[in-house]
Amino acid sequence: MDSQFPTGLPFMKMHGAGNDFVIIDSRGRGAVTTPALARALGDRNRGVGFDQLAEIRDSETADFALDFWNSDGSRAGACGNATRCVSDYMMGQLGREAVHLVTPRGDLRAVRLADGRVSVNMGQPQRDWTELPLSHAVDTDHLPLPGDPVAVGMGNPHCVFFVPDAEAVDVAQDGRRIETDPLFPQRTNVEFASLTGPDRLRMRVWERGAGITLACGSGACATAVAAHLRGLTGRRVTLDLDGGVLEIDWREDGVWMAGPVARVFDGMLSPAFLDGLL
Ligand SMILES: N[C@H](CCC[C@H](N)C(=O)O)C(=O)O
């Protein structure tokens, strides 16, 4: 048995627009997550199940630091919806309406809105092929793939397709294929979007390392940026995802994303479950 947590390891389950997370608060001690723990915990039958695992750590320069893991055990450089969820929790912990956090992509700021939603500044999009990264120099506005997608980085890679009807896309088949296209040496998240009204998009997503999810915050940011670059929308866009609505505002200081957050339950991982995973 792992002696570090003789009575178990506490965690929270939260979701943002249906994008669901297990959150471990490791402030005041070292980080505990390993790829093996992420995979075991991410199993919806034998673990808890999540789209991403987020671990909160102490930071010397911000209110807290945040790391993200996918359910296949890989790490993610950004996760917008988990950032909004954890920021909501940390605002409660700190008695504040705004927080400053450090993620693998850099410093981010989040605020609670008057209606209870949480908005995060996800930073400026990455448009250079080296930053995404892509395997070789190509025009990121028009990737050399069938369907003419746009590549946008939000601290993680996204490949955005504009289609006449997002409902008609076989997201599982097309998403899985694009995720591992050789153009993306670190794989990619894949979004399918269609314009449904002025500055309004329907978006469905295939996430790298997680598969189909009900929402993806960084994906919504990437899709709104791509839609504006393609001249389809202005800089403020509403996205309808399977699990809820996200509002994106690409401002001078970065891409802001607002949406709902919910804390579902608090639980405890048993020492028997943790055995051999830490
Ligand atoms: N759901 C997350 C993104 C996870 C991205 C992850 N699948 C990756 O490997 O980049 C979000 O709200 O931004």
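Source: prediction; values computed, not measured.

**Let's talk about the overall build of the protein chain**
Scanning the protein chain from terminus to terminus reveals five helices and 17 strands. Its C-alpha atoms give the protein chain principal-axis dimensions of roughly 55 × 40 × 30 Å. Contacts in the protein chain between residues at least 24 apart in sequence constitute 65% of all its contacts with a sequence separation of at least 6.

**Section: unusual backbone geometry**
A cis amide bond, omega -5 degrees, links leucine 132 with the succeeding residue proline 133. Backbone geometry at arginine 187 places phi at a positive 60 degrees, although glycine is not the residue there. Relative to the helices and strands, arginine 187 is located in the loop between helix 3 (171-179) and strand 11 (189-197). Of note, the phi angle at aspartate 199 is positive, near 55 degrees, even though the residue is not glycine. As for its placement among the helices and strands, aspartate 199 is situated in the loop between strand 11 and strand 12 (200-207).

**Some remarks on the nonpolar core**
Buried together is how nonpolar side chains tend to be arranged in soluble globular proteins. With 78 residues, the main nonpolar core has Ile23, Ala220, Cys221, Ile248 and Met257 as its most contacted residues. In terms of residue count, helix 4 (residues 217-229) provides more of this core than any other element does, seven residues in total. In terms of domain composition, this core takes at least three residues from each of domain 1 (9-122 + 261-274) and domain 2 (150-252). Alanine 220 has contacts with Met203, Leu239, Leu241, Leu246, Ile248 and Met257, leaving out every residue within four places of it along the chain.

**Side note on the domain arrangement of the protein chain**
For the protein chain, the assigned domains are domain 1 (9-122 + 261-274) and domain 2 (150-252). One C-alpha centre belongs to domain 1, the other to domain 2; they are set 22 Å apart. The element best represented in the side of domain 1 that touches domain 2 is helix 2 (residues 80-94), accounting for three residues. Taken together, the residues of the side of domain 1 that touches domain 2 break down into six nonpolar, 11 polar and four charged.

Reading the values: rules and limits
- Residues numbered from 1 in each chain as written.
- Predicted model: local features only at pLDDT ≥ 70, side-chain atom pairs only at ≥ 80, totals over all residues.
- Helix = DSSP H or I, 4+ residues; strand = E, 2+ residues; numbered from the N terminus.
- Contact = placed C-beta atoms within 7 Å.
- Core = buried A, V, L, I, M, F, W, Y, C linked by C-beta atoms within 7 Å.
- Buried ≥ 20, exposed ≤ 12 C-beta atoms within 10 Å, placed from the backbone.
- Domains from an automatic or database assignment.
- Nonpolar A, V, L, I, M, F, W, Y, C, P; charged D, E, K, R; others polar.

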